[in-house]
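Residues per chain, in single letters:
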Amino acid sequence: MSNGDSKGDSSNAGEAFAIYYNGHALQLQWKGVPPLTRSPALRLCYMGSEREETKTGSVVGTATGIGTATRSDSNWLLLLTADQTLYSAQLATGSKILELTLLRTDIVDVDFCRGSRQLFVVLANGSVQRQLITGGYRPSAWQTLSFDPLELHDEGVCMRRVCCSEQGVVFVSVSGATYVLGSCGEVFNAEQPRHMRLCEEGKQLLDLVAGDEHFVMLLSPHQLAEDVLQLQEHQEEPGGSLKSLHSGSSEHSFAANTRHLLQQGYALLHTQLFTFGASNGGLLGTGDHIKRAHVARLEKLDGMGVCSIAAGREHSVARTLDGRLYHWGLNNREQLGEDLSSPMEICLAEQLTPEQHTALEATCGDYRTMLLNAAGQIQTLPHGHGHAQSQSQSSTYEQTLLHLQMGAAWPRQMRLLHCAGGYTLQNCRQFQRQYHYFLSHLESQLQLLLKQREAVQTLLIWELPALAPLLLSWERIVCLVAATLHSLEGFYRADFVQPADLLFICYHREYIELFENYTKAYCDVLSVNGFGETVVTIGAPPLSNHNPLAELAEESYLTRLFQQPFAVYQQFMQFMELLVKTQPEYDEHRVAWSEFARMSCISQELAVNTKEFWSSKECTPRIAHLRQSQRRVILTSALVPLKLGNAGISMSSHSFILFSDFLCQLGSHALQTYPLNALWVWTEGELGLRITTPEKSFVLVTRKTEYRKVWLDQLQSSIVAALGRPLGSPVPSVRSTAYEYSRDHPKFSRVKACGTWRKGVLHGNCYLEYPDGSVYCGEMHHGLIEGYGKMVIPSTGVYVGNFKGGRFHGYGVYEINGNGAHDSEIYEGNFCEGLFHGHGMMRNNRYIYVGEYMANTRSGYGVMEDLNSGDKYMGMFVDNKRSGTGSCITNRGDYFEGNFAADDLTGSGVAVFENDYYYEGELTLHGPNGRGEYYMPSGDAGNPLGASEEDDDNYELIGNKMFGQLSGSWETVRIQTGEMVLNRRFPKYPSSLGRMVVDHNRKWRALFHNFESDVANCSVSTSSSNSLASLSMGTLKKAVKSTLSTAQIWSCIAIYMNKQRARDASKPGNYFNNILLSLPLPPKSSPPPQPATSSSPTSQTSLVSGKQQSKLDLLNSTPRRIHSQETLCRKLDELQRSDSLISIGHNSTMDTRSLVSFGLDESLLNRSFNGESNAGNLSSSFSNMSHHNHNNNNNNISKHRNNSNCSITSTASTVSTMLEQVPSFGMASTLTEHDVSCIRLYLEQAFKDRYHPLYALNERIANCFHYSYGYWKVKPTPILAKQAMREWESISRRIYRFVRKMFPALPEDYCYLDGTREVISHITLLYPLVLSEGIYSTLFVLYANKYNRKDEIYRQNLNHAEKLNDDELVQVLGHDSCLNAVMLATQFDAAVQTLKQLQEKFSPQDMLTVIQRSMELLTEAYEHAMAANGSQLNADNMIPLSMLGMLRAAVPHLGAELALLDDLTGGPNFQAEMNGMAGYCYTTLKAAYEHVTMRTLQRTS
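This one's a predicted model, so the numbers in the text were calculated from it and none came from an experiment.

**Here we look at the confidence of the model for the protein**
The pLDDT averaged across the protein works out to 81; a share of 81% of its residues lies at or above 70. Confidence over residues 235-248 falls short of pLDDT 50; this stretch has 38 contacts with residues more than four positions distant or in other chains. Predicted confidence for residues 647-651 stays below pLDDT 50, and this span has six contacts to residues more than four positions away or in other chains.

So, in structure tokens, the structure goes:
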């Protein structure tokens, strides 16, 4: 080729490519409308000339007109551009003008089969068309090929590539499948397209080229990078392109970026070449001339990083990533210099310039090889032996901006050079020639690394443990260099123009981490003379007998081998220095690389110094065991004098060695180590240094101020490095780290601690692991377990709750292990000084107790359910026994009331039996015991009109009566001295019933006291406030009663909510999980250094996992044996005498459990103390046990659903800004309507927000109320209905009392709002909020049992009415027939539906509203139906109409609903409503109910 003239260059200005013919640049002339945007060329096909046609007997034409084909005596080309446009190019004889004519605009690939004269195109939709070229191009002559004639694929077969030899065609689908057509020797012969697998399954076809009789395929590697490079699996992010992941944006994306980088480099390096053809003769590159009927692999080029291939008619060329060129084939036109049956490297002429020596691309003409060098010049290999020279200077145009897709494992580049026939096409780019130095040197680095790979592979085969991490890092660096070189070449070629897209800039953090890992691996080996020891190992049998490389036995060679990667990042630094001169915005990246280079030099220097230390005389046998690969020697007292000081006097012969992870004190008889991560240092005096550790504090002194500065600087920088902080960071006085105490520590002997430290003291969240297997996770204050946490004590139990002074203190849950899954005890409630104290609930397989404890015993009011007998006691306890006023309900439904002593009923009392018999007088639980009266009713006494059986005060029975001195059992009552009278009238219930029960205001006193203490303890100034301390129940002594101011209460509420929200974190129940994830838990490996001999106490060491693997289940441990209350008392007595709670179970065999108890992921376990067990959590087991107990409730009556939850409020947290700030309403001396509405809104949100203290109070109250009145194995006695109502009123008043402390403007009892009749009290304010389904359902069950007889008549009438139509129902009730028309009105149906809502309402106000609205609709229905005759609704018609509406609404247990509503609305709070329309409607509905239940409905004849 000759140099192109300047005319051609200037005339083609603005074109995306330049075309040369026989060394001359051609002028491009676009026929018709030229493209507005020039696109680079993808394919160039030579269709032949007149001379070639004559030989084949055909005529070649060009499309000079649509639908016509004309003869041509010139060369004809087809050109495909990147915008999917196909052009025809024609060069007239003797002319330098190339005419381009548009043919089609939907083509993605094109090729021409010379032998069959067929042109193939792949369309954008994936289909393939062909045209036989006989008389020129004809637009209407296209034929579509079918690749799925049987339609086996739902979406058809989509193609992306076509490649033609002289007689054969290969198609490649989008999925990578290959199809063949025509013939290729014995490999294939197909008249129609058929599927044929040409490459192994799992390999991706990257490129495909063909000559006359052979094909060459470039394939991706089959072996995955994960296996070789040991890459950790990470789930792909959506749109898993590497470019879509920002460097360092998250831990996951950072790891994913590193993974993609290494995968890309590995794929680039480990490509493979395969060939097949109709003949061989050297065409296939297999090293022989044997004809093959299958695909052959060119193993010689395996792992060489082949990145592009090209084929002439009888030869092939491959280019590697590092710029090397290989060719093979026939030399019949002297295109190779000689026949080459195996790939041979092309050696470029030495006299070429460096840029000409770098080949960016290689392509083949028919019988020539063309190169594109780094200078943008096209070089051709002359006839000879592969020495290239410059033949043509390409034109320089504006570069075409192409975005490199980094998502693929093997990113491709667009070809810049194409050859066909005598034509050469060059896509024009403006090369970044100022960076050629870095491109060529990086190619040289990769070449050198690949040459050294044989030595590295040999070391890998030998499996030398000392070198394993280094060898793995070396492989990763090689892959990284490959990816970097590909990226830099794309930047140089202007595939992209922004330096930010260079991999080592865009992902500089990932690059630096990989190089840091390599530096560490190298220094780890060097510091312990690993290379020298490896050489000794290689030089000894058996490796010496199988050493293929003699240089491996030389330490200097090994050192140079592994130092080679350090030259790579030097190129990055120099590149950045050049780049920032023109683009200073990349200075941050330059600084990052420079800082890494500086740190790398420091690390290597430290490794050399450490190696020299271990080989010096300072390394005595006493410290030889401290020699580890990851440990460095920083400073020694032999180099810079340092001594132990005592009272300011230097008087010790101790020497000190500062290692990278601890400070070593070497005395005459003792060796002690102080971990740097748990070491604090300050200056003291003029020459002293104060050293503080978790166990001791001492002073070191130097001779000079300069020496002290050296030691201080080195200690501080080493501490910072040990903590994993950036170099130059200040030494934190507060830090999260791990430490293991020595056996001589008075409080934490041999305890492994990991948590937040403040100047040597644990303060904050922490994790403790005790030698007896106990584990604690939670808060600590000034070295004491204090705050919220969880402790597992093997063979004893699990505690989750509050601590103080190392003991259970405050609210918590304690699960005590038993012998089996059903033999555990669970206590939930308040603790004080490690003992049950205050309100709590104990559950085991024998009983459930909810009530007060005092010093570990049941004392005070409580409710106890005996699970064996089914009896329930509600009353006072003393010293674990029933003692004082109380009531007992047996499993038969018998009710006892009176004074108890020593677990039995004594003295005067009341007994009411299920058969309506009752007794008043002296008695026990087993029978009468002294003077008393025994009533035995036999029937109704004939009560006056209006008196019902449910009317306790007025209803009378008739029967027999015993009185006098009575004895015996309740089955057989005997008269000792007395008499029996017959047929006497007496009340249904004893007159003294309810007089000997515990005062309702006394019940649950401890619950409210503990609640206020919990809130008060949240004050910031708890320790300094006497008033708060008195509320906190800090001791077992009775606290002095005190109150908080309104401001203090709101402060406590804010702190309480913040603590609860922090415990809940992002996932409910994962508080301890989050603590552990936030702590630097140590790895499983790396045992602590142990001195060879020492007469001193056990040395202090860093916390790492030792030989003993603690496996504690911290949440769902399976209980082993049941603990009686007395056994638990003994254990807690022992605890009370010990310094901390952890003494429990210290003599027991350790139960092997693990951190899995916190519900942690496996990834966390891998970095924590060893553990294998798996379990759930206490909360789930706790709730499961509760649900199991709830299922024992045999009551089938409830308001809304049978298995109603005892929770008062919804567990969903309501996020509101109102709860986040102290309100301004309700604080003044007067109460306004605005205040009331705001208070209601606040309370509504507070009772629903699980972080608010009122929510916790509601939950505990609901639990108490449920176990008192809603948890029954038998039908509950109706007697309890009134007691439950009075108790609920007392609870509501006490809740209101606390609310008044929050809003002092509220009245103490009740008041009327100014200008309105609205009453403000605890009932009107709290009932709509807290009287929800749980409480109401409990009350409703009691009332339903009390009114069950009348409700049974009501139910039967409902069933009968359901079978009757409206006319029949009116007739059965005996009402006026005019009501038939009323029942047909739409308002009547609306009234029925409204009344049905009564069973869904819980608050009295809502129930009254429903009743009133229903009655209003009934009135409207009557007025609408009677509008014609003008009848008015009166009282005589209202009750019958209400009866009809009631029967159609069919509200279950309506009598219980109305009775409960009547009791809830008693008193002055609802006086206004009950005296108004709501009260009238309620009275009407109640009267209608009484009428319906007076008799059973019967159909009249």
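So that's the structure; there's more coming.
**Description of the sheet that holds strand β3 (residues 27-30)**
The strand order β3-β9-β8-β7-β4 describes an open sheet built from five strands, whose pairing is mixed. Edge positions in the sheet fall to β3 and β4 (41-48), since each of these pairs with one other strand and no more. Between one strand axis and the next, the sheet turns through 30° on average, direction left out of account. Looking at chain direction, β3 and strand β9 (residues 97-104) are connected through four bridges and run parallel. Of the residues in β9, the one forming a bridge with Q29 is E99.

**Considerations on a nonpolar patch on the surface**
On the surface, a cluster of nonpolar side chains totalling about 250 Å² of accessible area is made up of I975, M980 and L982. By secondary structure assignment, the location of L982 is in strand β59 (residues 973-987).

**Side note on the pattern of salt bridges**
Think of it this way: side chains of opposite charge can pair up when their charged atoms draw near. Scanning the model with the defined rule gives 53 salt bridges in all. Across the pair R690 and E684 runs a salt bridge whose closest N-O atoms are separated by 2.9 Å. Among the residues examined, R690 registers a relative accessible area of 24% and is labelled partly exposed. Residues joined in a network through salt bridges with shared partners are R43, D109, R161, D207 and R415.

**Quick look at the nonpolar core**
Of all hydrophobic cores here, the largest spans 142 residues; its most connected members are Y1242, L1243 and F1303. At eleven residues, the largest contribution of residues to this core is made by helix α24 (residues 1280-1302). Excluding residues that lie within four positions of it along the chain, Y1242 makes contacts with W1050, I1053, M1218, L1219, F1225, H1252, M1302 and F1303. Core analysis: the next-biggest nonpolar cluster, separate from the first, contains 89 residues, L416, L467, A483 and L558 among them.

**Looking at unusual backbone geometry**
Across residues other than glycine, the phi torsion is negative in most instances, and most of the peptide bonds are trans. The amide bond that connects P541 to the next residue, P542, takes the cis arrangement and shows omega of 5°. Considering the arrangement of structural elements, one finds P542 in the loop between α10 (530-539) and α11 (555-563). Phi angles above zero are rare outside glycine, and S795 is one such case at about 60°. Tracing the chain through its elements places S795 in the loop between β45 (784-793) and β46 (797-804). Overall, the relative accessible area of 14% leaves S795 in the buried class.

What counts, and at which threshold
- Residues numbered from 1 in each chain as written.
- Predicted model: local features only at pLDDT ≥ 70, side-chain atom pairs only at ≥ 80, totals over all residues.
- Heavy atoms only, no water.
- pLDDT = per-residue confidence, 0-100.
- Contact = heavy atoms within 4.5 Å.
- Pairing = 2+ DSSP bridges.
- Helix = DSSP H or I, 4+ residues; strand = E, 2+ residues; numbered from the N terminus.
- Axes fitted to C-alpha atoms, helices over the stretch in contact; angles between N-to-C directions.
- Patch = residues over 30% accessible without salt bridge, like charges linked within 9 Å, V, L, I, M, F, W, Y side chains within 5 Å.
- Areas by Shrake-Rupley, 256 points an atom, 1.4 Å probe, with all protein chains shown as cover.
- Salt bridge = Lys/Arg side-chain N within 4 Å of Asp/Glu carboxyl O.
- Buried < 20%, exposed > 50% of the residue type's maximum accessible area, 1.4 Å probe, protein only.
- Core = buried A, V, L, I, M, F, W, Y, C linked by side-chain atoms within 4.5 Å.

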